[in-house]
Amino acid sequence: MKNSAVWYPFTQHALEPAMRRIARTEGAYLVEENGARMLDAISSWWVITHGHRHPVIMGAIRSAAETYDQIIFAEYTHAPAEALAEGLIGIAPPGLAHVFYSDSGSTAVEVALKMALGFFHTSGRPRHRVCVMEHGYHGDTIGTMSTGERGVFNAAYAPLLFSVDRVPFPEPGREQATLDAFEECCATGEVAALLVEPLLLGAGGMKSYPASVLRDLKRIAERHGALLIADEVMTGWGRTGTLFACEQADISPDILCTSKGLTGGALPLAATLCTREIFEAHLSTDRRKTFFHSSSYTANPIACAAALANLEVWRQEPVGTRIEALVERQQRQLARFAGDPRFSDIRQIGTIAALDLSVPAGGYLSEAGPRLRAFFRERRLLIRPLGNVIYLMPPYCVTEDELKRAYEAIDEAAGLFAAGRL
Ligand code: PLP
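Here is what the cut-offs are and how they apply
- Residues numbered from 1 in each chain as written.
- Predicted model: local features only at pLDDT ≥ 70, side-chain atom pairs only at ≥ 80, totals over all residues.
- Heavy atoms only, no water.
- Near = heavy atom within 4 Å.
- Polar contact = N/O pair within 3.5 Å; in protein donor to acceptor, adjacent residues only side chain to side chain.
- Areas by Shrake-Rupley, 256 points an atom, 1.4 Å probe, with all protein chains shown as cover.
- Nonpolar A, V, L, I, M, F, W, Y, C, P; charged D, E, K, R; others polar.
- 1 Å grid on protein atoms, 1.4 Å probe; cavity = no way out; pocket = protein on both sides within 12 Å on 5 of 7 lines; lining within 4 Å.
- Points joined across faces, edges and corners; volume = space filled by probe spheres on them.
- Helix = DSSP H or I, 4+ residues; strand = E, 2+ residues; numbered from the N terminus.
- Phe/Tyr/Trp six-rings, centres within 6.5 Å; stacked < 30°, edge-to-face > 60°.
- Buried < 20%, exposed > 50% of the residue type's maximum accessible area, 1.4 Å probe, protein only.
- Lys NZ or Arg CZ within 6 Å of the ring centre and 35° of its normal.
- Domains from an automatic or database assignment.
- Contact = heavy atoms within 4.5 Å.
- Buried area = accessible area lost by both parts, 1.4 Å probe.
- Salt bridge = Lys/Arg side-chain N within 4 Å of Asp/Glu carboxyl O.
- Patch = residues over 30% accessible without salt bridge, like charges linked within 9 Å, V, L, I, M, F, W, Y side chains within 5 Å.

1. Examining the site of the ligand
In step 1: In the vicinity of the ligand, the contacting residues are W46, S104, G105, S106, Y137, H138, G139, E197, D231, V233, M234 and K260.
In step 2: Here G105 contributes a backbone N or O atom positioned 2.8 Å from an oxygen atom of the ligand.
In step 3: One of the side-chain nitrogen or oxygen atoms of S106 is found 2.6 Å away from an oxygen atom of the ligand.
In step 4: When isolated, the ligand has an accessible area of 390 Å², and the protein chains bury 82% of it.
In step 5: When its residues are assigned to classes, the shell around the ligand shows four nonpolar, five polar and three charged.

2. With respect to the layout of surface pockets
In step 1: In this structure, the second largest pocket encloses a volume near 920 Å³.
In step 2: F73, V99, F100, F279 and F291 are, among the 30 residues lining the second largest pocket, the residues nearest its centre.
In step 3: Secondary-structure elements contributing two or more residues to the lining of the second largest pocket are α3 (79–91), β4 (96–102) and α9 (276–281).
In step 4: Counted by class, the lining of the second largest pocket contains 18 nonpolar, ten polar and two charged residues.

3. Observations concerning the packing of aromatic side chains
In step 1: Overall, the coordinates contain eleven aromatic pairs when judged by the stated rule.
In step 2: On the numbers, 5.1 Å between centres and 85° between planes, the contact of F100 with F291 is edge-to-face. With F100 in strand β4 and F291 in the loop between α9 and α10 (301–316), the pair connects residues that are 191 residues apart, well separated along the chain.
In step 3: Between the aromatic rings of F119 and F120, the centroid separation amounts to 5.0 Å while the plane-to-plane angle is 75°, which identifies the pairing as edge-to-face. For the residue pair F119 and F120, the accessibility class agrees, reading buried in each case.
In step 4: In this arrangement the basic side chain of R37 is found over the ring face of Y29, its NZ or CZ atom lying 4.4 Å from the centre.
In step 5: Of note, K207 hangs over the ring of F169, and the distance from its end group to the ring centre comes to 4.9 Å.

4. Here's the deal with the domain arrangement of the chain
In step 1: Once the domains are mapped, the chain shows domain 1 (57–316) and domain 2 (320–418).
In step 2: Across the contact, 16 residues belong to domain 1 and 16 residues belong to domain 2.
In step 3: Taken over both partners, the interface formed by domain 1 and domain 2 buries close to 1300 Å², and the fraction arising from carbon and sulfur atoms is 71%.
In step 4: Here domain 1 and domain 2 share zero salt bridges between them.
In step 5: The interface formed by domain 1 and domain 2 contains six residue pairs in polar contact (both at pLDDT 80 or more).

5. Examining a nonpolar patch on the surface
In step 1: Residues F10, W45, Y137, V152, F153, Y364 and L365 make up a contiguous nonpolar surface patch of roughly 690 Å² in combined accessible area.
In step 2: Structurally, Y137 is set in the loop between β5 (129–133) and α5 (142–147).
In step 3: Since its relative accessible area comes to 32%, Y137 is described here as partly exposed.

6. Comments concerning the pattern of salt bridges
In step 1: Using the criterion set out here, one finds 21 salt bridges in the structure.
In step 2: A salt bridge links R347 to D345, with the nearest nitrogen and oxygen atoms 3.4 Å apart.
In step 3: Taking relative accessible area as the criterion, D345 reaches 46% and is therefore assigned partly exposed.
In step 4: Across the salt bridge formed by R379 and E412, the nearest N and O atoms sit 2.6 Å from each other. You can see R379 sitting in the loop between α12 (368–378) and β15 (381–382) and its partner E412 sitting in helix α13 (residues 400–418), a full 33 residues away along the chain.
In step 5: Using a relative accessible area of 32% as the deciding quantity, one classes R379 as partly exposed.
In step 6: The network of salt bridges with common partners includes R336, D340, R342 and D411.

Shown next, in the form of structure tokens:
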């Protein structure tokens with residue numbers, strides 16, 4: 001790639017073709033400068049929920065920009081942040097009582113980890129171990145990389161990453177091994193928190209596990225006085241069929257991280273919600289017990305206004321019905337691959353469908369990934385397989401015909417691949 005000063009994320013510049021310039025966004029589409037309309041079948045890295053440029057959210061952004069820019073978020077506050085916190089507490093699993101703002105999924109998780117360790121520290125019974133699930137992904141900062149799966153993504157930084165306890169992913173039939181491993185970690189009495197993506201591990205390969213496992217993990221954590229941190233950065237805002245994935249396990253985490261769909265995907269914002277107990281552990285006339293975390297753009301008022309408008313969309317529009325319709329569309333389309341030997345592990349959780357293309361060498365660096373991506377780009381589809389794992393996570397406005405087009409392209413790509421022509 002030439003003629004750009006930009007260093008792009010997750011991009012090998014020596015291999016990638018030139019970036020395609022997007023002139024505008026619209027519903028389920030990114031529209032290129034040359035007019036080509038790309039179906040955004042992965043919601044622009046999983047952020048766009050209702051569709052690009054939802055009028056209610058864009059209207060709120062326009063109007064907030066008439067009144068606010070950034071406002072320091074200590075000593076001073078503003079209406080959008082206060083109303084949003086109230087709104088979030090109103091729809092989050094019961095028991096979450098306080099909201100800490102930041103600006104990305106990674107920072108939401110960093111905040112969660114600091115809250116958990118801070119809780120034990122300020123309570124005078126320090127615990128420092130964090131337990132995580134195999135194949136997890138929680139972001140790209142040093143702290144969140146420490147908690148994520150180790151591999152090619154973070155090998156260069158390995159000496160800086162802190163050690164965590166890992167429980168195996170609950171593969172079908174081996175769920176008990178996960179629970180036993182967690183029980184064993186907790187038995188040390190040192191585990192401050194279990195950090196998990198509820199029901200679905202996204203970047204780790206769209207791997208889902210039953211709600212009953214999440215419920216059992218929560219029970220074990222409770223029994224040992226450890227906290228459960230639900231990283232709902234990807235799963236939140238309807239992706240798994242319910243507003244938050246935790247609802248399906250009927251659990252309330254002690255800490256919940258949300259970002260991506262919080263503003264409908266329009267602006268960067270994140271929130272870490274916690275229980276009253278965690279907040280109150282930091283409440284003291286001793287200033288050393290202050291929660292020492294901030295970032296310059298904490299609770300940006302325009303982003304908060306966008307999130308408030310998103311809440312309004314959820315309240316006023318039939319979002320649940322749209323999600324149900326998308327779940328059914330995915331089911332109908334995915335059915336075409338039932339028993340197809342070109343794929344393995346065909347799965348769907350809520351609005352997300354995933355299938356592994358059968359290749360000799362799988363994994364994230366599988367050569368299948370870039371070749372499939374290029375093929376889909378030719379077909380005007382934004383689909384970015386995770387190695388040989390092809391998944392579709394479209395915005396809720398996607399139509400049956402649009403989805404069908406994506407599935408036809410997947411079918412065609414698999415055929416070409418099997419014939420050695422891709
Ligand atoms: N946690 C999960 C579960 C994610 O899927 C992601 C990003 O995909 C993150 C955290 C990090 O979010 P961000 O990229 O906004 O930092």
